[in-house]
Amino acid sequence: MNPQLAHLQPYPFERLKLLFAPVKPNSNYSAISLGIGEPRHATPQLVLDALSCGTGELSSYPLTAGQPALKEACAGWVERRYGVRVDPATQILPVNGTREALFAFAQTMIDPTRPNATVICPNPFYQIYEGAAILAGATPYYVPSDPSLNFNISWDTVPDRVWESTQLVYVCSPGNPTGAVMPWSDWEKLFRRSERHGFVIASDECYSEIYFRDEPPLGSLDASTRFGLRDFKNLVMFTSLSKRSNVPGMRSGFVAGDARLLKSFLLYRTYHGSAVSGMVQAASVAAWSDETHVEENRALYRRKFATVTPMLSEVLDVRLPDAAFYLWAGVPGGDDEGFARDLLARYNVTVLPGSYLARSVNGVNPGSGRIRMALVAETEECVEAAKRIVDFVKGNTG
Ligand SMILES: Cc1ncc(COP(=O)(O)O)c(C=O)c1O
């Protein structure tokens, strides 16, 4: 068997299961989970309709390169959203959601025969980056999110020797779990480094349409154009319909950027057999071409966060994030595992310990002392969870 499999870490939810195994949740309360970041708002009717109209596609094998109509719809969205033109034929590739694409991309980009093959990951992070790096034969290097930088990544802490051996950098903006949007100054830094050291940037932007500031999150394609990168050199952006259009089960997203990298990625994907179903491609055209449902979805999140965040900030170290659908909160006493365990036992609410989403480096785990709460349920349920958390903290500290 592939020996690298032994180096994969347990997924955060497996660790949560172990933590909760001996706990008996208080049955006087209904169970509420803020644990899993799975969208739960309704799927828009226009996507369901397009899916049922697309059943004719099932009688033939789909194109890995994607239907031209889908690639044009994606390019149209990129232009409307970021004011950037991409060539649908060479600079766009549909994928089965960003998760598989983020994973497969490392398998395509990493040359494990070069010394010290390194993949830079934010810390805390989406665990797929780490597994992708390990299975590609590279070593992950974790760069911490810094609370004093609005939880952005402290790129300046990466030593030159690490940049020199880096082949791939994962960026997550808006970030999971912090919700931080990477500012222009950080993009500039990364592009300069990439020009100097030749590494590739994989920019995970799957939360880009759920935001709480007036201005939409800066995207990597936009930033690279501003920087003057020619033809998105060494940059690929990953985006998805899962959160934007509430279709996590449809498995649909796309990547856009450097045509040279996408050509190799397409070759890899052809062998890997990761073409997107034709029916899903047809429904995705409808989803990317409509913005009304996205605005409505964003408005729902905004109302929910505006209600819940002030309730929780009374007892936790938390504030409205830039974007995404998580609250990343510091807990009193700093024991994130103990907080999650006791909250379940007393109030039947599930939250995720922040330390499960990050790695300890030199004895410091940047997720420790924090919890991640996914506000994906309807507002009423999130408000009920917030009330219980307030009672729980007041009961513990008062
Ligand atoms: C940061 C991040 N990237 C990527 C994904 C994968 O999403 P999908 O494969 O549905 O596009 C997730 C899912 O939760 C995520 O949190």
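Check the entry above for the structure.
Now for a description of the structure that goes with this document. In this text, all values refer to a predicted model and were calculated from it rather than measured experimentally. (Residues numbered from 1 in each chain as written. Predicted model: local features only at pLDDT ≥ 70, side-chain atom pairs only at ≥ 80, totals over all residues. Heavy atoms only, no water.)

1. Some thoughts on the overall build of the protein chain
Part 1 of the argument: Scanning the protein chain for helices and strands turns up 14 helices and 13 strands.
Part 2 of the argument: Computed over C-alpha atoms, the radius of gyration of the protein chain comes to 21 Å, within 12% of the 21 Å expected from 2.2 N^0.38 for 398 residues, which places it in the range of a compact globule.
Part 3 of the argument: Counting only C-alpha atoms and orienting by the principal axes, one finds that the protein chain spans roughly 60 × 55 × 45 Å.
Part 4 of the argument: Sorting the 398 residues of the protein chain into buried and exposed places 57% on the buried side.
Part 5 of the argument: Pairs at least 24 residues apart make up 75% of the contacts formed inside the protein chain by residues separated by at least 6 positions.
Part 6 of the argument: A total accessible area of about 16700 Å² is found for the protein chain, and carbon and sulfur atoms account for 52% of it. (Helix = DSSP H or I, 4+ residues; strand = E, 2+ residues; numbered from the N terminus. Rg over C-alpha atoms; globule rule 2.2 N^0.38 Å. Buried < 20%, exposed > 50% of the residue type's maximum accessible area, 1.4 Å probe, protein only. Contact = heavy atoms within 4.5 Å. Areas by Shrake-Rupley, 256 points an atom, 1.4 Å probe, with all protein chains shown as cover.)

2. Thoughts on helix H13 (residues 336–347)
Part 1 of the argument: Its 12 residues give H13 an end-to-end C-alpha distance of 16 Å, which sits within 8% of 16 Å, the value for a rise of 1.5 Å per residue.
Part 2 of the argument: Residues of H13 that are buried include every one of Asp336, Gly338, Phe339, Ala340, Leu343, Leu344 and Tyr347, and no others.
Part 3 of the argument: Taking the backbone nitrogen of glutamate 337 as reference, a side-chain oxygen 3.4 Å away marks aspartate 335 as the first, capping residue of H13.
Part 4 of the argument: Phi for asparagine 348, located one or two positions after H13, is positive at around 60°. (Expected span 1.5 Å × (residues − 1). Polar contact = N/O pair within 3.5 Å; in protein donor to acceptor, adjacent residues only side chain to side chain.)

3. Let's talk about the pattern of salt bridges
For side chains of opposite charge, pairing can occur when their charged atoms come near one another.
Part 1 of the argument: The full count for this structure, using the stated rule, is 16 salt bridges.
Part 2 of the argument: When the shortest N-O distance is used, the salt bridge between glutamate 209 and arginine 81 registers 2.9 Å. With glutamate 209 in the loop between strand E7 (200–204) and helix H8 (220–227) and arginine 81 in helix H3 (residues 68–82), this pair connects stretches of sequence that are 128 residues apart. We note that glutamate 209, like arginine 81, is buried. (Salt bridge = Lys/Arg side-chain N within 4 Å of Asp/Glu carboxyl O.)

4. Describing the site of the ligand
Part 1 of the argument: Taken together, 15 residues sit near the ligand, with Thr98, Asp204, Ser242, Lys243 and Arg251 positioned nearest.
Part 2 of the argument: Within the side chain of tyrosine 207, a nitrogen or oxygen atom sits 2.7 Å from an oxygen atom of the ligand.
Part 3 of the argument: Contact between the ligand and arginine 251: an oxygen atom at 2.6 Å from a side-chain N or O atom of the residue.
Part 4 of the argument: Bound to the protein, the ligand loses 92% of the 400 Å² it would expose on its own.
Part 5 of the argument: Judged by its atoms lying within 2 Å of the grid points, the ligand is housed in the largest pocket.
Part 6 of the argument: Sorting the residues of the shell around the ligand by element identifies helix H4 (98–109) and helix H9 (241–244) as the ones contributing at least two each.
Part 7 of the argument: Counted by class, the shell around the ligand contains 6 nonpolar, 5 polar and 4 charged residues. (Near = heavy atom within 4 Å. 1 Å grid on protein atoms, 1.4 Å probe; cavity = no way out; pocket = protein on both sides within 12 Å on 5 of 7 lines; lining within 4 Å. Sits in = over half its atoms within 2 Å of the grid points. Nonpolar A, V, L, I, M, F, W, Y, C, P; charged D, E, K, R; others polar.)

5. Remarks on the pairing of strand E10 (residues 326–330)
Consecutive residues of a regular strand have side chains that alternate between opposite faces of the sheet.
Part 1 of the argument: Among the 5 residues of E10, 5 are classified as buried, and the element is accordingly described as predominantly covered.
Part 2 of the argument: Residue alternation in E10 divides its side chains into two sets, Tyr326, Trp328 and Gly330 and Leu327 and Ala329, and both sets are buried.
Part 3 of the argument: Two elements, E10 and strand E13 (residues 370–374), share 5 bridges in a ladder whose sense is antiparallel. Of the residues in E13, the one forming a bridge with glycine 330 is arginine 370. (Pairing = 2+ DSSP bridges.)

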